[in-house]
Amino acid sequence: MIKKGKVKLGQLDLEGALIARDRVGIQDFVLLDSHNSETAFLENLKKRFTEDLIYTYIGTLLISVNPYKNLDIYAKKQMDLYMGVNFFELPPHIYALADNAYHTMLSEANNHFILISGESGAGKTEASKKILQYYAVSCPSSTLLDTVRDRMLMSNPVLEAFGNAKTMKNDNSSRFGKYMDIQFDCQGDAVGGHILSYLLEKSRVVHQNHGERNFHIFYQLVEGGEEDLLRHLGLEKDTKHYCYLVQGECSSVSSINDKNDWKTVKNALSVIDFDTTDTEHLFGIIASVLHLGNVHFEGDSKGYAFLNSNAALRWVSKLLGVHVQVLHEALTFRKIEAKSEQVLSPFTVDHAIYARDALAKAIYDRAFNWLVNKINESLENKDSNRKTVIGLLDIYGFEVFTVNSFEQFCINYCNEKLQQLFIQLTLKAEQEEYESEGIEWEPVQFFNNKIICDLVEEKHRGIISVLDEECVRPGDATDLTFLEKLEEKMGNHPHFVTHKLADKKTRKSLERGDFRLLHYAGEVTYCVVGFIDKNNDLLYRNIKDMMRLSKNPIIQQCFPNSERDSRRRPETVATQFKNSLLRLTEILTAKEPWYFDEVLVRHQVKYLGLMEHLRVRRAGFAYRRKYEVFLQRYKALCPATWPHWRGVPADGVEALVQHLGYQPDEYKMGRTKIFIRYAKTLFAIEDAFEICKHELATRLQAKYKGYRAKGEFRKQKEAATKIETCWRGAQARKERDRRAWAVKVIKKFIKGYMTRKEAKTTDNSEYLAFVRQSYLNRLKVNLPKSVLDKTTWLTPPPVVTETSEILRKLHMRVMKLVTSAIFKGKKDSYPASVAAPFVDTRINEQDINMKVLQTIRHERIKYSVPVVKYDRNGFKPRERQLILTQAAVYLVEDAKIKQRVDYVSLKGVSVSNLGDSIMILHIAVNDPKQKGDLVLQCDHLYEALTKLAMIAKKENNIQVLNGSIKFEIQTGRENAVDFSTGAEPMVYKGSNGHMMVVAPRIKSR
Ligand SMILES: Nc1ncnc2c1ncn2[C@@H]1O[C@H](COP(=O)(O)OP(=O)(O)OP(=O)(O)O)[C@@H](O)[C@H]1O
Ligand SMILES: [Mg+2]
């Protein structure tokens, strides 16, 4: 599609194309870098087509490739999608084109047209129906308008039944050109319509090539017509019965369901206001054509035609409402008016057949025009309010058959004209835009087909003129004389060639009766046979006169009296067609065009002149955009324009492109737009924009996340404060309760104390129980360490005095029991020790060095005693303090802890059975550097060892041995202490290296 002067919409498409280019090919050919390459062009179309993307733009032109299958892209939801939306966001679609034409028409209140071109079978008619459906569904409507809408939609099946036929190219080929105006009121309601039809291919009524059919309506009537109707029309329910239907030998086709189509047509006719008489007369005419075809002539002895069986003739006479005799005469005689006389001249058989066929073609052709007029009456809007229109042009496509005749000549000429219009308007639109933007126009290299149009239509010189002259000139004009004239006149035209004019090589491909035109779309060879006749389209006067007397009202309208009164020679077919195309061109030039090209096959790209179109569009600059829009899109790419450009947009764009390093030949600054020459420049900026967009998105995301996190933190903090408040409240309440409870308990306690000596009450018995328990608890941790030590026993409160005394005795007995268990009967000095009381400790805390205290106090000092320690080698005596804590034994010299032995490492203690006071502490040493066992002398041996046994729970590890006790100096190095008795206690190193201890003799022993 091309939107002349309305490039803004087209450029919006471009944005969409830019976004989508990486997905499936390029959505807009304007952005194709190799825009001169047909291969690249086809490649792109193919790439998209294989993905079922049948639509592609060239700027504002829409290209469609026939999918030959139903795609799910025409449903209501797609219509809704494209409705009123700026389609730059959406992929190319025929609805986008329809919608934009509609909205531009409404906003600018001017007329538009959509031109659909393409080779036969490419899908033009389907496209025009899609557009019409889109308007029918999308435009606002009321009940009244619904009728108009339905009629417009229903005109299609009727016109297709009468005007379309199966050809070799297309099972539903349009055999007439159709231009339909859809009228809208200022609110955008579809309020009326008007159809112009062009040159129906009427020769098809009497002749079809092999593999082709007559117009659909004949088959529909015969196959689908109701019994009554067929009887009334004198028809057999068999298409093979009719000469006009069997020539192509393919009356039934799998893709066509004539019976169903008949129903559709009947229904459509009722919608577009046909009453029963209308339909009766119309089908009378259709049937009469079939009967005419079955009228056979025979030749008499002179070769003149006569009719033998005239059953078919009677049906024609009946259905057309003409006297059978008159009809008979008209088909076998020609009436020649000589002066005041009328002379009847008999026809030869061929002549009669010619006259018969001419009649059949004429009545069908005229009935078709009547039908179009009748539809127009039903679509007419008589309201005189201002209306705007969208015209829809669905013309027959370019045709090339093996044998091409007058009809193809006309059809291809028509396409040539439309191509001319197409080029002119595209060029004009481009030029106008350059001019309005103040940009210098650069000449475009493209093929202008004006030269071919002139070759066909030029006055006095063109092919049509030559043909017309040949048709009217006196003498024996034939198709071949026409060809000679052509050769004379066109002899050296570069687009015209015949067998005679051709060089040797070309001549081979040309018959003597051929001429070849080099159309913009390619070469077509036409066979001149039939050109004169078809152009003359002669219908004998007496036949016309007869038809004028017909009782069939439709026939009456088709053969008006005014025709007879006109003395002028009727215009030839080619001239009529030429003039109607001229009028069409005028109609179209007065409107804003939208182009829609249907592509069927590869060579179509050439046939449609798409490359020419692209060349024109891409002549100068691939892309142009309003400054505001360009800046808005790409401003993030330049620090000066991001985030806001405060100045004039054009200056902002200049700053932006300078920053991007555009070369002077890459762009131009127009009045309101920037023009960018190469697609690749645009792609580069678009890619940069994509990257930048992501970066921006990341930054925004980070900001947003930060914002979210802050919010979250604030919320959490608020929650924490709340919890804290609640917690404090709960704590405070608990504290309050606790205090209240304490007050109560204290009160009770005081009361109990005060009444402790009185008779037993709840209060004082609770108090006394408390006193008892608390005393026992205290006693537990303050038990005296010696049996005779009475002073250290906790003074009991009066209530437990008795209990306390019992406990005290018990305790002392336990301690002494331990001593006796270990030593009684084993060591000589034991009996003497029993009387000696045990004391808490032998060294007061103040006599232990401060430093040592600080180091070991945390282990709780249980007992200390002065000892003599003997060196492990020389057995030199050293005075030391032995301190027992809860965890270990310490050997201390003033401020120095000489050795620490925790109870776990203390394997045991050995003493002799004699009266000495030596003890040997056996120590488990894993580290060879550690000191070995301790050999000590202690004056309070029983006390010290009992305490050690109880604190360290070593009751079972204290041994009393005879003679010699081994000890380890360090790991693996042993020595021994040898005990003996003597008069004087002594300690010395024996000659065996042992430590010799001499114990005093004890008398009791
Ligand atoms: N958009 C489409 N989706 C599906 N099928 C399609 C589409 N367009 C065309 N066709 C198929 O192609 C056939 C021919 O299309 P159509 O009759 O519209 O061609 P045309 O261009 O009007 O040809 P002619 O010039 O002979 O009239 C249709 O009958 C249909 O089967
Ligand atoms: Mg068609």
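Reading guide: rules and limits
Residues numbered from 1 in each chain as written. Chains lettered and ligands numbered in written order. Predicted model: local features only at pLDDT ≥ 70, side-chain atom pairs only at ≥ 80, totals over all residues. Heavy atoms only, no water. Helix = DSSP H or I, 4+ residues; strand = E, 2+ residues; numbered from the N terminus. Rg over C-alpha atoms; globule rule 2.2 N^0.38 Å. Buried < 20%, exposed > 50% of the residue type's maximum accessible area, 1.4 Å probe, protein only. Contact = heavy atoms within 4.5 Å. Areas by Shrake-Rupley, 256 points an atom, 1.4 Å probe, with all protein chains shown as cover. Expected span 1.5 Å × (residues − 1). Core = buried A, V, L, I, M, F, W, Y, C linked by side-chain atoms within 4.5 Å. Arc of directions from axis to C-beta. Patch = residues over 30% accessible without salt bridge, like charges linked within 9 Å, V, L, I, M, F, W, Y side chains within 5 Å. Salt bridge = Lys/Arg side-chain N within 4 Å of Asp/Glu carboxyl O. Donors = N, O, S within 2.8 Å, 3.2 Å for Na, K, Ca; no water. Phe/Tyr/Trp six-rings, centres within 6.5 Å; stacked < 30°, edge-to-face > 60°. Lys NZ or Arg CZ within 6 Å of the ring centre and 35° of its normal. Axes fitted to C-alpha atoms, helices over the stretch in contact; angles between N-to-C directions. Parallel < 35°, antiparallel > 145°, perpendicular 65-115°, else oblique. Left-handed = near helix turned anticlockwise from the far one by under 90°. Nonpolar A, V, L, I, M, F, W, Y, C, P; charged D, E, K, R; others polar. Pairing = 2+ DSSP bridges. Near = heavy atom within 4 Å. Polar contact = N/O pair within 3.5 Å; in protein donor to acceptor, adjacent residues only side chain to side chain. Lys, Arg positive; Asp, Glu negative; His and termini not counted. pLDDT = per-residue confidence, 0-100.

Caption draft 1: A look at the overall build of the protein. Looking only at helices and strands, one finds 35 helices and 31 strands in the protein. A compact globule built from 1005 residues should have a C-alpha radius of gyration of about 30 Å, whereas the protein, at 62 Å, is more than 25% larger. Taking the principal axes of the C-alpha coordinates as reference, the protein spans close to 195 × 75 × 60 Å. Per-residue burial for the protein yields a buried fraction of 52% across its 1005 residues. Excluding contacts between residues fewer than 6 apart, the proportion of contacts in the protein whose partners are at least 24 apart in sequence is 65%. Surface summary for the protein: the accessible area is close to 49,100 Å², and the carbon and sulfur share equals 53%.

Caption draft 2: Up close: helix H5 (residues 124-138). Here H5 is 15 residues long and its end C-alpha atoms lie 21 Å apart, about the 21 Å a rise of 1.5 Å per residue gives. For H5, a buried count of twelve out of 15 residues is recorded, marking the element as mostly surrounded by other parts of the structure. Listed as buried for H5 are Lys124, Thr125, Ala127, Ser128, Lys129, Lys130, Ile131, Leu132, Tyr134, Tyr135, Ala136 and Ser138.

Caption draft 3: Here's a closer look at the nonpolar core. Counting 110 residues, the largest nonpolar core has Ile114, Tyr135, Phe162, Ile217 and Phe218 as its most contacted members. Element by element, the count of residues in this core is highest for helix H15 (residues 349-379), at 16 residues. Ignoring sequence-local partners within four residues, the contact set of Phe218 consists of Val205, Leu245, Ile286, Val289, Leu290 and Tyr364. Judged by nonpolar contacts, the second largest core, of 81 residues, contains Leu467, Leu483, Phe496 and Phe683.

Caption draft 4: Quick look at helix H29 (residues 649-660). Spanning twelve residues, H29 covers 16 Å between terminal C-alpha atoms, matching the ideal 16 Å at 1.5 Å per step. Burial in H29 covers these residues: Gly652, Val653, Leu656 and Val657. In a view along the axis of H29, the buried residues occupy a sector of 130°, so they form one face of it. Of the surrounding elements, those touching the buried residues of H29 are helix H28 (627-634), strand E18 (667-669) and strand E19 (673-676). Positive phi shows up at Gly661, right after H29, with a value of about 75°.

Caption draft 5: A look at a nonpolar patch on the surface. A cluster of nonpolar side chains, namely Ile746, Phe749, Ile750, Tyr753, Met754 and Phe770, defines an oily patch on the protein surface of about 600 Å² accessible area. Here the element with the most residues in the nonpolar patch is helix H30 (residues 679-754); it accounts for five residues. Positionally, Phe749 belongs in helix H30.

Caption draft 6: Structural detail: the coordination of the magnesium ion (ligand 2). At 1.9 to 2.1 Å from the magnesium ion (ligand 2) lie its protein donor atoms, namely Thr125 (OG1) and Ser174 (OG). Of this pair, Thr125 sits in helix H5 while Ser174 sits in strand E5 (residues 173-174), and the two are 49 residues apart along the sequence.

Caption draft 7: Structural view of the packing of aromatic side chains. Evaluated as defined, the whole model comprises 34 aromatic pairs. Centre to centre, the rings of Phe409 and Phe515 are 6.2 Å apart; their planes meet at 75°, and the pair counts as edge-to-face. Of this pair, Phe409 sits in helix H16 (residues 406-436) while Phe515 sits in strand E14 (residues 514-519), and the two are 106 residues apart along the sequence. Neither residue differs from the other here; Phe409 and Phe515 are each classed as buried. Between the aromatic rings of Phe823 and Tyr942, the centroid separation amounts to 4.8 Å while the plane-to-plane angle is 90°, which identifies the pairing as edge-to-face. Linking Phe823 in helix H32 (residues 801-823) with Tyr942 in helix H35 (residues 941-951), this pair joins segments that are 119 residues apart in sequence. Judged on exposure class, the residue Phe823 and its partner Tyr942 are both buried. An aromatic cluster of at least three residues, connected via ring pairs, comprises Phe406, Phe409, Phe482, Phe496, Phe515, Tyr526 and Phe531. Of note, Lys130 hangs over the ring of Tyr74, and the distance from its end group to the ring centre comes to 4.1 Å. We note Arg213 situated over the ring of Tyr219; from NZ or CZ to the ring centre the distance is 3.9 Å.

Caption draft 8: Summary view of the environment of Ile554. Position of Ile554 relative to the elements: it lies in helix H23 (residues 553-558). Residue classification places Ile554 among the buried positions, given a relative accessible area of 1%. Sequence separation of Ile554 and Asp278 is 276 residues, and the distance between their C-alpha atoms is 7.9 Å. If near-sequence neighbours (up to four positions away) are discounted, Ile554 is found in contact with Asp278, His281, Leu282, Ile285 and Trp370.

Caption draft 9: Geometry of the packing of helix H13 (residues 311-320) against helix H14 (residues 324-332). H14 packs onto H13 with a crossing angle of 115° between their chain directions and a minimal axis gap of 9 Å. Accordingly, the angle class assigned to the pair H13 and H14 is roughly perpendicular. Crossing handedness for the pair H13 and H14: right-handed. Contacts between H13 and H14 pair Leu313, Arg314, Val316 and Ser317 from the former with Val324, Leu327, His328 and Leu331 from the latter. Considering only residue class, the contact of H13 with H14 consists of five nonpolar, two polar and one charged.

Caption draft 10: Region of interest: the pattern of salt bridges. Considering all chains together, one arrives at 43 salt bridges under this definition. One salt bridge connects Lys202 with Asp365, and the closest N-O pair in it is separated by 3.7 Å. You can see Lys202 sitting in the loop between strand E7 (190-198) and helix H7 (203-206) and its partner Asp365 sitting in helix H15, a full 163 residues away along the chain. Its relative accessible area of 15% is what places Lys202 among the buried residues.

Caption draft 11: Looking closely at the pairing of strand E10 (residues 333-338). Sheet topology note: the E10/strand E11 (residues 341-346) ladder contains six bridges and is antiparallel. Among the inter-strand pairings, Arg334 is bridged to a residue of E11, identified as Ser345.

Caption draft 12: Structural detail: the sheet that holds E18. Here three strands make up an open sheet; going across it, the order is E17-E19-E18 and the pairing antiparallel. The sheet is open, and its two borders are formed by strand E17 (623-626) and E18, each paired with just one other strand. Each strand of the sheet is rotated relative to its neighbour by a mean of 15°, with strand direction disregarded. The sheet contacts of H28 involve E17, E18 and E19, and relative to E17 the element is tilted by about 95°. Relative to the sheet, H29 contacts E18 and E19, its axis offset from that of E18 by approximately 160°.

Caption draft 13: Focus on the site of ligand 1. Residues in close proximity to ligand 1 total 18 residues, the closest being Ser120, Gly121, Lys124, Thr125 and Ser173. Measuring from an oxygen atom of ligand 1, one finds a side-chain N or O atom of Ser120 at 2.6 Å. Here Gly397 contributes a backbone N or O atom positioned 3.2 Å from an oxygen atom of ligand 1. Within the complex, the protein chains bury 88% of what would otherwise be the 630 Å² of accessible surface of ligand 1. Within the residue set of the shell around ligand 1, elements represented by two or more residues are H5 and E5. A per-element tally of the shell around ligand 1 places H5 first, with three residues. Residues that form the shell around ligand 1 fall into these classes: four nonpolar, ten polar and four charged.

Caption draft 14: Focus on the side chain of Asp933. For Asp933, the position within the fold is in the loop between strand E25 (918-923) and strand E26 (934-937). Lacking a salt bridge, the buried Asp933 has Lys907 as its closest oppositely charged neighbour, with an N-O distance of 5.7 Å. Within polar-contact distance, the side chain of Asp933 engages the backbone nitrogen of Ile923 at 2.8 Å. Here Asp933 is in contact with Arg872, Ile920, Leu921, His922, Ile923, Phe967 and Glu968, once residues within four sequence places are set aside.

Caption draft 15: Up close: the side chain of Glu457. By secondary structure assignment, the location of Glu457 is in helix H17 (residues 450-457). For Glu457, a relative accessible area of 14% translates into the label buried. In contact with Glu457, other than residues within four places in its own chain, are Tyr413, Lys417, Gly462 and Lys578.

Caption draft 16: Representation of the confidence of the model for the protein in the model. Of the residues in the protein, 92% reach a pLDDT of 70 or more, and the chain-wide mean stands at 86. Within the protein, helix H8 (residues 216-224) carries the highest mean pLDDT (97), whereas helix H1 (residues 7-20) carries the lowest (44). Considering only residues more than four positions removed or in separate chains, one finds that residues 1-14, a stretch of pLDDT under 50, has 58 contacts.

Caption draft 17: Structural detail: the sheet that holds strand E13 (residues 496-498). Within the open sheet, the three strands sit side by side as E13-E14-E15. Their pairing is antiparallel. The sheet is open, and its two borders are formed by E13 and strand E15 (522-527), each paired with just one other strand. Between one strand axis and the next, the sheet turns through 25° on average, direction left out of account. Taken together, the three bridges between E13 and E14 define a ladder with antiparallel strand orientation. For Val497, the partnering residue across the bridge sits in E14 and is Arg516. Of the strands in this sheet, E13 and E14 are in contact with helix H19 (residues 479-490), which crosses E13 at around 130°.

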